[in-house]
Amino acid sequence: MTIGHTLLGLLESGPRHGYDLKRAFDERFGHDRPLHYGQVYATMARLLKNGMVEVEGIEAGEGPDRKRYAITDAGITDVEQWLAQPEKPEPYLQSALYTKVVVALLTGRSAQHILDTQRSEHLRLMRELTRRKAGGDLSDQLICDHALFHLEADMRWLELTAARIDQLAEELTR
Amino acid sequence: MNPMTPTAPSAQGAHPGGNGAPLLSAAGLHKTYGATPALAGADFEIRGGEIVAVMGPSGSGKSTLLHCLAGIVSPDAGTVHYQGLELSALSDARRSALRRSDFGFVFQFGQLVPELTCLENVALPLRLAGTRRKDAEARAAEWLERLEVADIATKRPGEVSGGQGQRAAIARALAPRPRVVFADEPTGALDSLNGERAMQLLTAAARDTGAAVVLVTHEVRVAAYSDREVVVRDGRATTPAAAL
Ligand SMILES: Nc1ncnc2c1ncn2[C@@H]1O[C@H](COP(=O)(O)OP(=O)(O)OP(=O)(O)O)[C@@H](O)[C@H]1O
Ligand SMILES: [Mg+2]
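For clarity, every value in this text was computed on a predicted model and none was experimentally measured. (Residues numbered from 1 in each chain as written. Chains lettered and ligands numbered in written order. Predicted model: local features only at pLDDT ≥ 70, side-chain atom pairs only at ≥ 80, totals over all residues. Heavy atoms only, no water.)

1. So, unusual backbone geometry
Note: most residues except glycine have negative phi, and most peptide bonds are trans. Residue and element names in this part refer to chain B. Not every positive phi belongs to a glycine, and glutamine 83 is a case in point at roughly 50°. Tracing the backbone through its elements, the reader meets glutamine 83 in the loop between strand E4 (77-82) and strand E5 (85-86). In this structure, glutamate 148 is a non-glycine residue whose phi angle is positive, near 65°. As for its position among the elements, glutamate 148 is in the loop between helix H4 (133-146) and helix H5 (162-174). With a relative accessible area of 40%, glutamate 148 lands in the partly exposed category. (Helix = DSSP H or I, 4+ residues; strand = E, 2+ residues; numbered from the N terminus. Buried < 20%, exposed > 50% of the residue type's maximum accessible area, 1.4 Å probe, protein only.)

What follows is the structure, given as structure tokens:
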């Protein structure tokens with residue numbers, strides 16, 4: 001699970017409180033979706049149970065934030081294995097869009113129109129990301145670039161499909 | 001809007017009920033090369049300071065549209081208006097003068113004069129517009145600096161990388177502060193990192209100087225630097241594809 005591994009990774013540089021972990025996570029990875037405290041504490045409880053972290057100290061006072069967590073050797077090994085494991089390449093079939101195109105062709109509607117609309121919607125988002133990139137630091141740029149390259153790949157598919165729409169229509173009605 | 005696909009190379013001139021007249025517009029452009037119709041009824045408009053991407057498949061007529069808009073090519077039919085002037089009504093000499101004073105150009109490659117240094121290349125349009133050498137070169141140096149290639153000033157185009165040369169070309173296009181920059185595949189010869197940087201610098205400089213940009217590209221990541229896009233498709237088709 002990514003959040004767990006990420007929090008573990010953040011702990012490798014030294015023990016931290018839950019609140020501290022949340023802040024460090026949000027700062028680096030939480031641009032769009034900051035973590036909830038509940039998520040942090042639930043995750044830490046699980047990591048604790050699995051022996052990935054241990055409680056290094058509890059400060060006087062109230063609340064769950066008093067616990068200071070430290071990563072264990074098992075935790076370090078777990079981070080290492082997580083990093084070594086490649087992500088599953090998601091072919092991300094354009095199933096919804098493909099389905100719409102086929103239904104449009106089967107029902108005598110304009111499939112080109114669907115593709116055109118999708119293209120400009122994609123480009124609209126790409127513009128937004130490009131603007132965000134211009135105002136951001138390197139980590140913003142890299143995150144936006146990742147999204148941009150994926151959207152670009154979709155755009156290629158849209159382009160190719162648009163160019164072969166007549167052929168597809170023919171095959172469908174054969 | 002017609003839900004059916006517009007297949008004629010009609011550039012949807014957006015901004016319905018927009019504020020004032022466009023800076024540059026074209027209506028009903030036709031252009032045929034021999035038996036090849038390159039444009040078949042293309043419309044287009046751009047406002048001052050606007051960045052418009054012109055996209056579409058290879059051979060669809062994008063470059064031809066750009067050439068007509070810039071007064072480099074005369075359409076067989078249709079009109080191009082720039083600030084109320086109809087380009088085809090101008091004499092060749094006036095059209096050339098207008099191109100020099102109001103338009104800037106960035107192409108994919110081969111636009112720098114090989115015998116001149118990069119600094120002299122950037123200064124050239126300023127010199128042609130009557131700026132004294134010293135002033136022209138000082139401004140050229142500022143523009144090279146702004147495009148992050150101050151160090152190539154004394155080199156000739158053959159001695160710099162493609163990315164550096166393209167930045168010099170952008171500096172040269174923008175230094176005379178044109179009202180419209182015509183860019184035809186400006187990043188076509190660059191890798192993605194250089195292309196991105198070139199686009200950032202080009203669009204930032206255009207925004208700062210208030211120049212409009214007609215940006216012909218088939219790369220969507222490049223088009224994403226625009227304010228809006230126009231799709232030229234099947235520029236040779238005079239009849240719309242059968243409605244599906
Ligand atoms: N000077 C010319 N002489 C003859 N034919 C030409 C000339 N310029 C363009 N054409 C033809 O006109 C059509 C449109 O060409 P144009 O260069 O405008 O396309 P494009 O959209 O810019 O393509 P690309 O993306 O490949 O640059 C093509 O069929 C091309 O072969
Ligand atoms: Mg072209």
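2. Structural notes on the packing of helix H1 (residues 2-11) of chain A against helix H4 (residues 73-84) of chain A
Residue and element names in this part refer to chain A. At a minimum axis distance of 9 Å, the contact between H1 and H4 shows a crossing angle of 120°. By the criterion of interaxial angle, the relationship of H1 to H4 is oblique. Both H1 and H4 take part in a crossing whose hand is left-handed. Contacts from Thr2, His5, Thr6, Leu8 and Gly9 of H1 reach H4 at Gly75, Asp78, Val79 and Trp82. (Axes fitted to C-alpha atoms, helices over the stretch in contact; angles between N-to-C directions. Parallel < 35°, antiparallel > 145°, perpendicular 65-115°, else oblique. Left-handed = near helix turned anticlockwise from the far one by under 90°. Contact = heavy atoms within 4.5 Å.)

3. Thoughts on the packing of aromatic side chains
With the rule as written, the count across this model stands at 7 aromatic pairs over all chains. Both rings, one in Tyr82(B) and one in Phe103(B), keep their centres 5.1 Å apart while their planes meet at 80°; by these two values the pair is edge-to-face. In this pair, Tyr82(B) sits in strand E4 while Phe103(B) sits in strand E6 (residues 103-106), placing the two residues 21 residues apart along the sequence. The residues Tyr82(B) and Phe103(B) share a single accessibility class, namely buried. Ring-pair connections join several aromatic residues into one group, and the members of that group are Tyr82(B), Phe103(B), Phe105(B), Phe107(B) and Phe182(B). The aromatic ring of Tyr37(A) is capped on one face by Lys22(A), whose charged end is 5.3 Å from the ring centroid. Positioned above the aromatic ring of Tyr33(B) is the side chain of Lys31(B), whose terminal nitrogen or guanidinium carbon lies 5.6 Å from the ring centre. (Phe/Tyr/Trp six-rings, centres within 6.5 Å; stacked < 30°, edge-to-face > 60°. Lys NZ or Arg CZ within 6 Å of the ring centre and 35° of its normal.)

4. Structural notes on the site of ligand 1
All names here are of chain B. Within the structure, ligand 1 sits among 12 residues, and Ser58, Gly59, Lys62, Ser63 and Thr64 are positioned closest to it. Contact between ligand 1 and serine 58: an oxygen atom at 2.5 Å from a side-chain N or O atom of the residue. It is helix H1 (residues 62-69) that provides the largest number of residues to the shell around ligand 1, a total of 3 residues. (Near = heavy atom within 4 Å. Polar contact = N/O pair within 3.5 Å; in protein donor to acceptor, adjacent residues only side chain to side chain.)

5. Brief notes about the nonpolar core
By size, the foremost hydrophobic cluster in this structure holds 38 residues, and its most contacted members are Trp143(B) and Leu144(B). The residues contacting Leu144(B), other than those within four sequence positions of it, are Cys118(B), Leu119(B), Val122(B), Val149(B), Ala150(B), Ala153(B), Ala168(B) and Ala171(B). (Core = buried A, V, L, I, M, F, W, Y, C linked by side-chain atoms within 4.5 Å.)

6. Looking at the interface of chain B and chain A
Opposite the 19 residues of chain B that make contact, chain A presents 22 residues. Together, the buried faces of chain B and chain A total about 1,800 Å²; carbon and sulfur atoms form 56% of this surface. Summed over the shared surface of chain B and chain A, the result is 4 salt bridges. For the salt bridge of Glu196(B) with Lys133(A), the shortest nitrogen-to-oxygen distance reads 2.5 Å. Those elements giving two or more residues to the side of chain B that touches chain A turn out to be helix H6 (192-209), helix H7 (220-223) and strand E9 (228-231) of chain B. (Buried area = accessible area lost by both parts, 1.4 Å probe. Salt bridge = Lys/Arg side-chain N within 4 Å of Asp/Glu carboxyl O.)

7. So, the pattern of salt bridges
Throughout the structure, instances matching the rule amount to 23 salt bridges over all chains. Its salt-bridge partner being Glu159(A), residue Arg119(A) comes within 3.1 Å of it at the nearest N-O pair. Separated by 40 residues along the polypeptide, Arg119(A) in helix H6 (residues 111-134) and Glu159(A) in helix H7 (residues 138-163) bring together distant segments of the chain. Judged by relative accessible area, which is 31%, Glu159(A) ranks as partly exposed. Here the salt bridges share partners, and the residues they tie into one network are Lys133(A), Asp145(A), Glu152(A), Glu196(B) and Arg221(B).

8. Looking at the pairing of E6(B)
Residues and elements named next belong to chain B. Both faces of E6 are covered, namely the face carrying Phe103 and Phe105 and the face carrying Gly104 and Val106. Note that E6 and strand E7 (residues 180-184) share 4 bridges and pair parallel. Looking at the pairing, phenylalanine 105 lines up with phenylalanine 182 of E7. (Pairing = 2+ DSSP bridges.)

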